[in-house]
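# Tertiary structure, described
Each chain, written out:
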Amino acid sequence: MFADYSSQELLAIFAMQGFAGLILFSVFVLMALGLAIIFGQMGVINMAHGEFMILGAYVTYMLSNFFEAYLPDLFGIYFFIAMICAFIASGALGLFVEWALIRHLYKRPLDTLLATWGLSLILQQIYRSVFGAREVGVTIPDWMMGSLPLTDMIEVPINGIFVMVLAVSISIAVYLMMFRSSWGKQVRAVVQNRVMAGAVGINTEWTDRLTFGIGCGVAGVAGSAFTMIGSTGPTAGQLYIVDTFLVVVFGGAASLLGTIASAFSISQAQSIMEFFLSGSMAKVLTLLTVVGILMIRPQGLFALKLRK
Amino acid sequence: MKPQSNRFMSMQEMVGFAILALLIFVIFPLILDPFRLNLFGKYLTYAFVALGLVLCWGAGGILSLGQGVFFGLGGYCMAMFLKLEASTPENTKIQSTPGIPDFMDWNQLTELPFWWQPFHSFTFTVIAVVLVPVIFAFIIGVAMFRRRVGGVYFAIITQAIAAIMTILIIGQQGYTGGVNGITDLRTLMGWDIRTDEAKNILYFVNGGLLFACLFAAQYIRRSKLGRILIAMRDQEDRVRFSGYDVADFKTFVFCAGAAFAAIGGAMFTLQVGFMSPSFVGIVPSIEMVIFCAVGGRLSILGAVYGALVVNWAKTTFSESFPELWLLGLGALFIAVVLAFPKGLAGLYDDFIAPRVKPLFDKLRSKSNSKDADFVGAPAE
């Protein structure tokens, strides 16, 4: 299959597909980070994670319309405000959901899975009733349009770079929160030994709620970033949820580094294969490989050594 | 929990089975018109899947979110046979290659793929309907349970398999019929399956098979194997330390669940007249879990009622209020988990069983057996 291309073309293809893979990687990382916090740290399966992401996307969409209509001068920077609002909206919904639903089910992980699936159906229907079944797109500010030519054959789109920068900064922020803040220390303590953490005075209930809320908030930011490169529909979240779960499981559930590494390998494999095979076969092969590796190594790439 | 006896069925369960049989074989055919009866037959095919889930999930503690795959494999095997029968050279003479299914012709295939060839034979098809999904389940089961993958991870991986299967079927249009599935099925060995009379007969065949599966499931639950499954669900390590190979039992029950689902899928194809990827993927697979959860994950009769009630509600509500249905389904997921983890069967146990129990006690004292009661049928 390589014979039809010259070596220079092949290089350009790999570079372009690699870059497309990097954008996919950024989306995966953004989505998976929230899930890695919730699933990895708390062991809660949140099937409605995609819908929290879509909430962020819709918040961005509404703010984009708002700024366009009332504050056109500030339109260039609306996106940063939208991200903060998306974090707050999804995070608040997350706190509420934890209080109303999740906290009753900590001992029954499989039931959480079903309950959050129900939640995702409800949220999808609400989005459909409020925003309509059709996909909506946001207006991208001028400075984010266009692309940077690197060589005469390779170009990179600016919004793609922006999403990548965002993914990197949010990853760093999550890392700092988890490993350099007192909240992160409490979360890790609760994960490792809930009873003992409670005994030394950590409010485990509140830690759980906050962790869930922050995980959902990060999903909201991911959704906000997602609007930069694609349109948003009521069921868009569901399309990504399996991929995202595989990313988290493949990386080793409790490891942030593993999540990033597995997001990278899955997205790169998929986007490079996509050029040579059909899109669906590329996806099938990638998922099959991941499932195959998980069968051989169920603990994922980077397993945390914990005494159970 | 009271100790269970080794008898195949308690008196109460026997009555439960009899009521269900009365409902399926007498009452439904009498009160429903042929169209509705066919619809109920379709619901009952989901009961096979729910029944498999009662064994896997309720008894074995293995939640599979990929039962749609087995349902689909069974259904596709049957659909392939029917499609080949429908695609005789006379019927397809307007195609550029007569004698192959129409979707293959549309996708520029000029000859039947080799793995379609055996589906000319009905005997092979009947065997394949059960065997293909079981082999597939066996491979998954051995790979996962040997490695002690369980619980949530197993659920996610089976869900991924359901996703892979759908993408594969849709992507390989020329071989599988793509997103439309395999449609326009006409006859089963020369017998037109589209007439009302044929649909009636298929309904009864379906009901008969369902009862065969119910008895098989009851047998599994009442055997020593069933006890080990429950022990495994509750204290896996202790069972392992007692010298049992946990993985083998899990694989077995997973395969049994797959076989039930596959029979359901094949009957679905026969009664509905087509098979498509929309019954294979993530969404249908997880809906199948809700049938089981609503009926009561511990009760095999509950599974049948669960499949009937949820599907009936789905048809009724989505005909008149499509928006409400999704909200209702979502709420059902949450309610059944939070408020009624034992589903309809649990409601029966709490509210109806105490009332009817004295009756059975009277009967039992006459027959002088020490049989203890167990989960019976939830009443409508």
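Residues numbered from 1 in each chain as written. Chains lettered and ligands numbered in written order. Predicted model: local features only at pLDDT ≥ 70, side-chain atom pairs only at ≥ 80, totals over all residues. Heavy atoms only, no water.

A few words on the overall build of chain B. Of regular secondary structure, chain B possesses 15 helices and two strands. Relative to the globule expectation of 21 Å for 380 residues, the C-alpha radius of gyration of chain B, 22 Å, shows essentially globular dimensions. When each of the 380 residues of chain B is scored for burial, the buried share is 56%. Accessible area for chain B stands at about 16000 Å²; split by element, carbon and sulfur atoms hold 65% of it. When the 29 basic and 25 acidic side-chain charges of chain B are each reduced to a single mean position, those positions are 11 Å apart. (Helix = DSSP H or I, 4+ residues; strand = E, 2+ residues; numbered from the N terminus. Rg over C-alpha atoms; globule rule 2.2 N^0.38 Å. Buried < 20%, exposed > 50% of the residue type's maximum accessible area, 1.4 Å probe, protein only. Areas by Shrake-Rupley, 256 points an atom, 1.4 Å probe, with all protein chains shown as cover. Lys, Arg positive; Asp, Glu negative; His and termini not counted. Charge placed at Lys NZ, Arg CZ, Asp CG, Glu CD.)

Take the interface of chain B and chain A next. Residue-level contacts link 40 residues of chain B with 39 residues of chain A. Here chain B and chain A share an interface that buries about 3400 Å² over both sides, 84% of which is from carbon and sulfur atoms. At the surface where chain B touches chain A, the tally comes to one salt bridge. A salt bridge links Arg297(B) to Asp111(A), with the nearest nitrogen and oxygen atoms 3.2 Å apart. Linking chain B with chain A are two residue pairs in polar contact (both at pLDDT 80 or more), by the criterion used here. Elements supplying a minimum of two residues to the side of chain B that touches chain A: helix H5 (122-146), helix H6 (151-171), helix H12 (282-295) and helix H14 (322-338) of chain B. A per-element tally of the side of chain B that touches chain A places H6(B) first, with 14 residues. (Contact = heavy atoms within 4.5 Å. Buried area = accessible area lost by both parts, 1.4 Å probe. Salt bridge = Lys/Arg side-chain N within 4 Å of Asp/Glu carboxyl O. Polar contact = N/O pair within 3.5 Å; in protein donor to acceptor, adjacent residues only side chain to side chain.)

Our next topic: helix H13 (residues 300-320) of chain B. For H13(B), spanning 21 residues, the distance from its first C-alpha to its last is 31 Å, which sits close to the expected 30 Å at 1.5 Å a residue. Of the residues flanking the start of H13(B), the one acting as N-cap is Ser299(B), its side-chain oxygen 3.5 Å from the backbone nitrogen of Leu301(B). (Expected span 1.5 Å × (residues − 1).)

Attention shifts here to the nonpolar core. Among the nonpolar cores identified, the biggest contains 214 residues, and Leu214(B), Ile290(B) and Val304(B) are the most heavily contacted of them. When sequence neighbours within four positions are dropped, the list of residues in contact with Ile290(B) reads Val310(B), Leu329(B), Leu332(B), Phe333(B) and Val336(B). (Core = buried A, V, L, I, M, F, W, Y, C linked by side-chain atoms within 4.5 Å.)

Sizing a probe to match a water molecule and rolling it over the atoms shows the empty space that remains. All names here are of chain B. All chains considered together, the criterion is met by two cavities of 30 Å³ or more. Lining the second largest cavity, in full, are Ser 64, Gly 66, Val 69, Phe 70, Ile 140, Thr 158, Ile 161 and Phe 254. Per-class residue counts for the lining of the second largest cavity are five nonpolar, three polar and no charged. (1 Å grid on protein atoms, 1.4 Å probe; cavity = no way out; pocket = protein on both sides within 12 Å on 5 of 7 lines; lining within 4 Å. Points joined across faces, edges and corners; volume = space filled by probe spheres on them. Nonpolar A, V, L, I, M, F, W, Y, C, P; charged D, E, K, R; others polar.)

This part is about the state of the cysteines. Residues and elements named next belong to chain B. Under the counting rule described, the total for this entry stands at zero disulfides over all chains. Not engaged in a disulfide, the cysteine Cys 292 finds its nearest cysteine sulfur in Cys 56; these two sulfurs lie 9.2 Å apart. A relative accessible area of 0% places Cys 292 in the buried class. (Disulfide = S-S within 2.5 Å.)

One pass over the structure, following the stated rule, counts 18 salt bridges over all chains. Note that Lys283(A) and Asp243(A) form a salt bridge whose closest N and O atoms lie 2.9 Å from each other. One end of the pair, Lys283(A), is in helix H11 (residues 279-296); the other, Asp243(A), is in helix H9 (residues 236-251), and 40 residues separate them in sequence. Residue Asp243(A) is classed as buried on the basis of its relative accessible area, which comes to 8%. Here Arg36(B) makes a salt bridge to Glu319(B), at a shortest N to O gap of 3.8 Å. You can see Arg36(B) sitting in helix H2 (residues 34-59) and its partner Glu319(B) sitting in helix H13, a full 283 residues away along the chain.

Three- or four-residue spacings in an α-helix give side chains the same orientation, since the helix completes a turn every 3.6 residues. Residue and element names in this part refer to chain A. Taking 1.5 Å as the rise per residue, helix H10 (residues 256-276) with 21 residues should run 30 Å; its terminal C-alpha atoms sit 31 Å apart, in good agreement. Of the residues making up H10, those classed as buried are Leu 256, Gly 258, Thr 259, Ser 262, Ala 263, Ile 266, Ser 267, Gln 268, Gln 270, Ser 271 and Phe 276. Each element contacted by the buried residues of H10 is listed here: helix H1 (7-42), helix H5 (158-180), H9 and H11.

The next thing to look at is the confidence of the model for chain B. Detailed reading of the predicted model is not advised wherever pLDDT is low. The share of residues in chain B with pLDDT of 70 or more is 94%, and the mean pLDDT across the chain is 86. Note that residues 369-380 of chain B has pLDDT below 50 and, in this model, 43 contacts with residues that lie over four places away or in other chains. (pLDDT = per-residue confidence, 0-100.)

The next thing to look at is the environment of Gly146(A). Residue and element names in this part refer to chain A. Assignment of secondary structure puts Gly 146 in the loop between helix H4 (109-131) and strand E1 (147-149). A relative accessible area of 48% means that Gly 146 is categorised as partly exposed. Setting aside anything within four residues of it in sequence, one finds Gly 146 in contact with Pro 157 and Ile 158.

Glancing now at the layout of surface pockets. Taken as a whole, the second largest pocket encloses approximately 650 Å³ of empty space. Among the elements of the structure, H11 of chain A together with helix H3 (67-86), H5, H6 and helix H7 (173-176) of chain B are those that each provide at least two residues to the lining of the second largest pocket. Among the elements that make up the lining of the second largest pocket, the one with the highest residue count is H3(B) (six residues). Of the residues assigned to the lining of the second largest pocket, the class counts are 23 nonpolar, four polar and no charged.

Residues and elements named next belong to chain A. Among the surface-exposed residues, Phe 66, Tyr 70, Leu 71, Leu 74, Ile 77, Phe 80, Ile 81 and Trp 143 lie close enough to one another that they form a single nonpolar patch of about 760 Å² accessible area. Counting residues per element, the ones that place at least two in the nonpolar patch are helix H2 (49-70) and helix H3 (78-100). Examined against the element boundaries, Phe 66 turns out to sit in helix H2. (Patch = residues over 30% accessible without salt bridge, like charges linked within 9 Å, V, L, I, M, F, W, Y side chains within 5 Å.)

Turning our attention to the packing of aromatic side chains. Given two aromatic rings, their pairing is described by the distance between the two centres and the angle made by the two planes. Per the counting criterion, the structure on display carries 42 aromatic pairs over all chains. Taken together, a centroid distance of 5.5 Å and an interplanar angle of 80 degrees make the contact between Phe70(B) and Phe254(B) edge-to-face. Residue Phe70(B) is found in helix H3, and its partner Phe254(B) is found in helix H11 (residues 246-272); the two are separated by 184 residues along the sequence. Ring geometry for Phe119(B) against Phe124(B): centres 5.3 Å apart, planes inclined by 85 degrees, an arrangement best described as edge-to-face. Of the residues examined, Phe124(B) reaches a relative accessible area of 36% and is grouped as partly exposed. Through a chain of ring-to-ring contacts, three or more aromatic side chains come together here, namely Phe66(A), Phe67(A), Tyr70(A), Tyr78(A), Phe79(A), Phe80(A) and Phe162(A). The ring of Tyr106(A) carries the charged tip of Arg194(A) above its face, separated from the ring centre by 5.8 Å. (Phe/Tyr/Trp six-rings, centres within 6.5 Å; stacked < 30°, edge-to-face > 60°. Lys NZ or Arg CZ within 6 Å of the ring centre and 35° of its normal.)

Turning our eyes to something else, we now look at the environment of Gly141(B). All names here are of chain B. One can find Gly 141 in helix H5. A sequence separation of 114 residues divides Gly 141 from Cys 255, and the C-alpha atoms of the two residues are 7.8 Å apart. Discounting chain neighbours no more than four positions away, the residues touching Gly 141 are Arg 146, Thr 251 and Phe 254.

Glancing now at the packing of H12(B) against H14(B). Residues and elements named next belong to chain B. For the pair H12 and H14, the least separation of the axes is 10 Å and the interaxial angle reads 50 degrees. Looking at the two axes, H12 sits oblique to H14. In the crossing of H12 with H14, the sense of the turn from one axis to the other is left-handed. Together, Ile 286, Glu 287, Ile 290, Ala 293 and Val 294 of H12 and Leu 329, Leu 332, Phe 333 and Val 336 of H14 make up the contact between the two elements. Tallied by class, residues from the contact of H12 with H14 come to eight nonpolar, no polar and one charged. (Axes fitted to C-alpha atoms, helices over the stretch in contact; angles between N-to-C directions. Parallel < 35°, antiparallel > 145°, perpendicular 65-115°, else oblique. Left-handed = near helix turned anticlockwise from the far one by under 90°.)

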